[in-house]
Amino acid sequence: MNQVGTWSAGAVASAGGRPELTIDLDSVAGNWRLLRARHDGAMAAVVKADAYGLGAAAVVPVLYAAGARFFFVAYAHEGALVRAHAPDAAIALLNGFDTFESETCLACDLWPVLGSLPEIAAWRALARRQGRALPALLHVDTGMNRLGLAPADVETLAGDPALLAGIDVRCVMTHLAHAEQPSHPANPRQLARFRAALAHMPAAMPSIAASAALFLPAEYRVGLARPGAALYGINPVPGRPNPLRPTVRLTACVAQLRDVPAGETVGYNGIWTARRPSRIATVRFGYADGYHRAAGNRGAAFFDGARLPLIGRVSMDLTTFDATDRPDVRLGDRIELIGPAVPPDEVAAWAGTNAYEVLTALGARPVRQYRPL
Ligand SMILES: *Cc1c(COP(=O)(O)O)cnc(C)c1O
């Protein structure tokens with residue numbers, strides 16, 4: 001039933017009573033253009049994790065049509081999917097290089113982001129066996145302490161250029177740990193360390209900025225920008241109005257309406273008690289659909305101009321809402337659990353997570369529909 005790859009409003013299959021994830025590809029393209037206007041240099045699109053749950057097979061062609069010619073994914077199998085929709089684009093692998101991905105890298109012309117001396121050695125060996133130079137990116141760690149070359153590795157490389165023999169370095173990148181906190185002292189510290197490292201690296205396009213850093217001062221917006229989240233409408237400037245367009249709406253159906261007397265509890269562990277005679281809307285959407293269980297008793301959904309409080313625990317396939325003040329809610333009605341009226345960033349706050357996890361969690365079960373919101 002999924003309409004992956006198609007997206008005319010007329011050709012939409014019905015989700016029946018199942019949860020439905022509507023994805024607005026025009027808004028994704030609009031967000032690309034908005035970010036593009038903020039950055040003079042090259043810009044890549046990060047489409048890892050199936051384009052943050054929106055569906056890479058649908059998102060990549062739209063970004064390609066908008067002008068994207070550089071894509072980042074995490075794994076080679078994700079890169080292979082991107083390659084099918086972007087024949088002449090650069091495609092880089094953020095998770096680095098593992099030899100089990102060699103064949104896919106070669107077959108699909110994927111460029112790993114090399115972040116350690118063993119990875120560099122493995123890619124160099126592959127290039128030697130192929131008898132030609134192979135493109136790659138280098139990742140310098142400047143304070144994230146997750147992936148990337150340590151200062152000692154940078155020194156080792158600088159002291160022995162043969163270590164990069166056969167590696168065609170297209171870009172040298174780093175990643176900021178605090179980009180969404182503009183005045184955090186780690187930002188200038190990481191920038192200074194990056195500049196120091198660049199002096200010892202092969203001349204190549206630098207890259208620092210993911211979504212949030214595109215909203216930092218100009219010195220962070222050098223070379224290749226590589227936003228992901230902001231393309232999908234996640235707010236890159238927390239605490240300030242979101243400059244981007246919403247791209248998704250998740251709706252689910254009311255499976256049952258029931259009246260409970262004051263004093264009754266609802267759901268597992270009885271964590272919510274009716275203080276008054278209450279009308280409970282049980283909705284077909286739960287944590288197996290990607291709704292976060294931690295939002296129990298804290299969240300809300302949107303129905304026709306107003307919010308319904310989320311009450312009780314989120315179950316695997318069902319969630320309960322207080323519809324006492326909305327007698328117009330009917331059996332089978334669709335309510336919005338995530339979308340323009342209930343932004344992913346807000347849902348994330350209820351669940352103690354970020355909007356990235358809210359979106360990537362939606363990948364599996366809801367029926368995806370590609371049409372305007
Ligand atoms: C995921 C990722 C990005 C994209 O980050 P957003 O915050 O989604 O824009 C950029 N660079 C690296 C190294 C990443 O892992």
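In what follows, the structure referred to is the one given above.
All values derive from a computational prediction rather than experimental measurement.

Engineer: Please provide a residue-by-residue account of the nonpolar core, values included.
Structural biologist: If you look at the biggest cluster of nonpolar residues, it comprises 117 residues, and the most contacted ones within it are V47, L63, F71, F72 and L337. Per-element accounting of this core gives the leading share, 7 residues, to helix α3 (residues 56-65). Counting 6 residues, the second largest nonpolar core, distinct from the first, contains V260, V266, W272 and I280.

Engineer: Go over the side chain of R326, please, and point to the residues and values.
Structural biologist: Among the structural elements, R326 can be located in the loop between β15 (319-322) and β16 (334-338). The exposure class of R326 is buried, given its relative accessible area of 14%. Residues within four places of R326 in sequence aside, it is in contact with F303, D304, A306 and L308.

Engineer: If you had to explain α3 to someone new, which residues and values would you point to?
Structural biologist: In terms of residue burial, α3 counts as a mostly covered element, since 8 of its 10 residues are buried. Of all the positions in α3, only A56, A57, A58, V59, V60, V62, L63 and Y64 are classed as buried. In the core, the buried residues of α3 are packed alongside α1 (25-36), β2 (45-46), α2 (48-52), β3 (70-73), α4 (76-85) and β17 (367-370). The positive-phi residue at the C-terminal boundary of α3 is G67, with phi of around 120 degrees.

Engineer: Go over the site of the ligand, please, and point to the residues and values.
Structural biologist: The ligand sits among 14 residues. The nearest are K48, Y52, S211, A229 and Y356. Y52 places a side-chain nitrogen or oxygen 2.5 Å from an oxygen atom of the ligand. The contact in question runs from a nitrogen atom of the ligand to an N or O atom on the side chain of R226, over 2.9 Å. Relative to its unbound accessible area of 390 Å², the ligand is 90% covered by the protein chains. For the shell around the ligand, a count of residues per class yields 8 nonpolar, 3 polar and 3 charged.

Rules and cut-offs
Residues numbered from 1 in each chain as written. Predicted model: local features only at pLDDT ≥ 70, side-chain atom pairs only at ≥ 80, totals over all residues. Heavy atoms only, no water. Core = buried A, V, L, I, M, F, W, Y, C linked by side-chain atoms within 4.5 Å. Buried < 20%, exposed > 50% of the residue type's maximum accessible area, 1.4 Å probe, protein only. Helix = DSSP H or I, 4+ residues; strand = E, 2+ residues; numbered from the N terminus. Contact = heavy atoms within 4.5 Å. Near = heavy atom within 4 Å. Polar contact = N/O pair within 3.5 Å; in protein donor to acceptor, adjacent residues only side chain to side chain. Areas by Shrake-Rupley, 256 points an atom, 1.4 Å probe, with all protein chains shown as cover. Nonpolar A, V, L, I, M, F, W, Y, C, P; charged D, E, K, R; others polar.

Limitation: the analysis is restricted to geometry and does not speak to function.
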